Amino acid sequence: MGDGVKVYLSVDMEGVTGLTDPEEMHAGKRGYERGCELMTADANAAIEGAFAAGARGVLVNDAHGSTKNLRIDLLDPRASLIRGPGKAQRMAHGLDGSFGAACFVGYHARAGVPHGVLNHTWMGKEIQNVYLNGEVCGETRLVAACAGFHGVPVVLVTGDEAVGEEARELLGDVETVAVKKGIDKFSAELLPPVVAQARIREATARALSRLNDFTPYVVEAPYTLGVEWNSTAIAAAVSLVPGVKAAGPRHTEFTTGDFAQIMALFGLFATIGGQVACGSGPYG
C-alpha cells in the first residue's frame, strides 16, 4: 500500500537515539556534532524503511531549534531536506495535501510528563502548558493536527517511551518506536543505535504497508491555541500581537480558521518569549 506515495518526515532532536543531554542539541556545545550524526541516522532509518515499502519520494524537515542540525552530507541521497529558520509552517513546513503519510522522528513528550526525556512543549522552559481547543497539547498533537488540516495521516512516531504513549493515546494504532526509556528528565535507558535504527526502519516500512489503517487526525475548526507561560512578562509581550488576547496573567489565546497560522504564530511566540526570557536575567 505504500506504493507510490510521497512521505513527509518531521525530525526533532530530543527523541533521537542515544541523546539525553541538552548540550547535545545546541550548536557549539559538548556532543552536538555527534548528536547531529545520530539525528541524521534516525532520519535515514525512516527514509530507508519508506523506500523499502515503495515510497516514491521523501521530504525531510529539520524541525529542531536552529533547524540546521541534520547533516545533508550524510542524508540518504533519495530524500531531500528543508533546512534553516523562517519557515512559516515551522515543524510542519513543506507538508501539504500531496503527501500520503507523515512520520515524526526524534519526537519527545509534552511538558510535564514525569518520565518524558527532555519533556517540554515548543520551548525549553518558558511554556508551562499548551492547549488546542481547550485540551492539553504537545508537539505531537500540534503537528499531527497540522497534518490533519492538510488531510495527511501520521503513521509513525519515534522517540522515548513517553512520546509513544502520547502518540497512541492521540492517534490510536500508530506505529511507534521507543529508542529510550525515561528515568528522569535528563536520564534514560538507551538502545544502541544499530538496534534502534533497525526498529525505526522496520516500523516505517510496516506503517506504509498498512496505509489503509490510518486516518488523518482532524481537529474541528476554529482552532484556539492557548498558551500558559511561566512568566507574566512573556504573556504580556505576546498579547501585543494582533489577534492574541490575554486570558489570564500568564495565559494567552489565539483563534483562527487556518491551522497554518497556528504554526506560524508559534514561531513568533518562541522569538518573543526567548527575547523576553533571555533579557530578564535570573528572574526568567
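Residues numbered from 1 in each chain as written. Predicted model: local features only at pLDDT ≥ 70, side-chain atom pairs only at ≥ 80, totals over all residues. Heavy atoms only, no water.

Section: the overall build of the protein chain
From N to C terminus, the protein chain includes 6 helices and 12 strands. The C-alpha atoms of the protein chain give a radius of gyration of 18 Å, which matches the 19 Å a tight globule of 284 residues would have. When its C-alpha atoms are laid out on the principal axes, the protein chain stretches across 50 × 40 × 30 Å. Counting every position in the protein chain, which comprises 284 residues, the buried fraction comes to 54%. For the protein chain, long-range pairs separated by at least 24 residues make up 69% of all intrachain contacts whose partners lie at least 6 apart in sequence. The centroid of the 24 positive side-chain charges in the protein chain is displaced by 3 Å from the centroid of its 32 negative side-chain charges. (Helix = DSSP H or I, 4+ residues; strand = E, 2+ residues; numbered from the N terminus. Rg over C-alpha atoms; globule rule 2.2 N^0.38 Å. Buried < 20%, exposed > 50% of the residue type's maximum accessible area, 1.4 Å probe, protein only. Contact = heavy atoms within 4.5 Å. Lys, Arg positive; Asp, Glu negative; His and termini not counted. Charge placed at Lys NZ, Arg CZ, Asp CG, Glu CD.)

A few points about the layout of surface pockets
Here the largest pocket defines a volume of roughly 1200 Å³. If one sorts the elements of the lining of the largest pocket by residue count, helix 6 (residues 259-278) sits on top with 6 residues. Its residues assigned to classes, the lining of the largest pocket shows 15 nonpolar, 18 polar and 9 charged. Looking at the second largest pocket, its volume works out to about 220 Å³. In terms of lining residues, the second largest pocket is bounded by Arg110, Val113, Glu135, Val136, Cys137, Gly138, Arg141, Ala162, Glu165, Glu166, Glu169 and Leu170. If you tally residues by element for the lining of the second largest pocket, the top one is helix 3 (residues 161-171), at 5 residues. (1 Å grid on protein atoms, 1.4 Å probe; cavity = no way out; pocket = protein on both sides within 12 Å on 5 of 7 lines; lining within 4 Å. Points joined across faces, edges and corners; volume = space filled by probe spheres on them. Nonpolar A, V, L, I, M, F, W, Y, C, P; charged D, E, K, R; others polar.)

What about the sheet that holds strand 8 (residues 175-184)?
Strand order in the open sheet made by the 7 strands is 3-2-1-4-7-8-9, with mixed pairing throughout. Looking at strand neighbours, the two that pair on one side only are strand 3 (79-82) and strand 9 (187-190), the edges of this open sheet. Ignoring which end each strand starts from, the neighbouring axes of this sheet average 25 degrees apart. Here strand 2 (residues 57-62) pairs with strand 3 via 4 bridges, running parallel. Directly across from Asn61, in strand 3, lies its bridge partner Ile82. (Pairing = 2+ DSSP bridges. Axes fitted to C-alpha atoms, helices over the stretch in contact; angles between N-to-C directions.)

Some points on the sheet that holds strand 5 (residues 127-132)
Taken in spatial order, the 5 strands of this open sheet run 6-5-10-12-11, and their pairing is antiparallel. Edge positions in the sheet fall to strand 6 (135-136) and strand 11 (245-248), since each of these pairs with one other strand and no more. Bridge count for strand 5 against strand 6 is 2 bridges, and the pairing is antiparallel. Residue pairing across strands places Leu132 opposite Glu135, the latter belonging to strand 6.

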